[in-house]
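Here is what each chain is made of, one letter per residue.
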Amino acid sequence: MNLRTIDSAQDLMTNDNNETDSLKIAFNNYFEALKSLKRLGVVPNSKDFTSQLGEWLVSTLFDGEKAISGIQKDWDVNVNGKLFQVKTHAKASTTSARWTSIKYRPNATIDELVIIVFSAEYKLKEYYSVPWPDALEHIRQNESGHVIYWDHLGNYKKILDSLPKQNIVSVFR
């Protein structure tokens, strides 16, 4: 019985070492990928990957310029003078929430609200593009604050195959 306890303790240590090694490798790969994405101009920092990915995607698809500051008031991407507010989500398949939190001012300097929905594995699932005046009509108050429900935006949901630069879109398919 004592020998069996030692074996299981050694097995436990081996499993812990394997898990630790796997974690080290996974984190190293992630940090290296972040460095590469920074060099490529996709993300300026490591703060909020999902939001930055959405902003990069919109700026790339439409040849726009991302706001210089991460706390730019109102808009995130400028496409030839048209100002986009971009909201991005990476949702697990078990998540039933289908809304975006909106902090806004009715007179905000925004022309278009874009909502991008990725799966938890960053596969592009949904893309909405809503003129700001129309978005204002759909914003509701709930326990989380002001939100916009995606199910109310059917007229603004884009067919993914209709988005420009399908070579870029294909990265997330």
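Going by the structure above, here's the rest.
Residues numbered from 1 in each chain as written. Predicted model: local features only at pLDDT ≥ 70, side-chain atom pairs only at ≥ 80, totals over all residues. Heavy atoms only, no water.

A.B. asks: A description of the pairing of strand β3 (residues 82–91) should follow, citing residues and the corresponding values.
C.D. replies: Across the 10 residues of β3, seven count as buried, placing the element largely inside the fold. Of the strand pairs in this sheet, strand β2 (residues 77–79) and β3 are connected by three bridges, and their pairing is antiparallel. Considered in β3, the bridge of V77 is made with F84. Hairpin connection, β2 to β3: the antiparallel pair is bridged by two residues, and N80 has positive phi, about 50 degrees. With eight bridges connecting them, β3 and strand β5 (residues 112–119) associate as parallel partners. Considered in β5, the bridge of V86 is made with V114. (Buried < 20%, exposed > 50% of the residue type's maximum accessible area, 1.4 Å probe, protein only. Helix = DSSP H or I, 4+ residues; strand = E, 2+ residues; numbered from the N terminus. Pairing = 2+ DSSP bridges.)

A.B. asks: Mind laying out the environment of T109, listing which residues take part and the relevant values?
C.D. replies: Along the chain, the position of T109 falls in the loop between β4 (99–101) and β5. Look at T109 and you get partly exposed, because its relative accessible area is 43%. Taking the C-alpha atoms as reference points, T109 and Y128, separated by 19 residues in sequence, lie 19 Å from one another. Excluding residues that lie within four positions of it along the chain, T109 makes contacts with D74, W75 and L83. (Contact = heavy atoms within 4.5 Å.)

A.B. asks: Tell me about the environment of P133, and name the residues and values.
C.D. replies: Structurally, P133 is set in helix α3 (residues 132–138). Look at P133 and you get exposed, because its relative accessible area is 53%. As for P133 and I25, which are separated by 108 residues in sequence, their C-alpha atoms are 47 Å apart.

None of this, on its own, says anything about what the molecule does.
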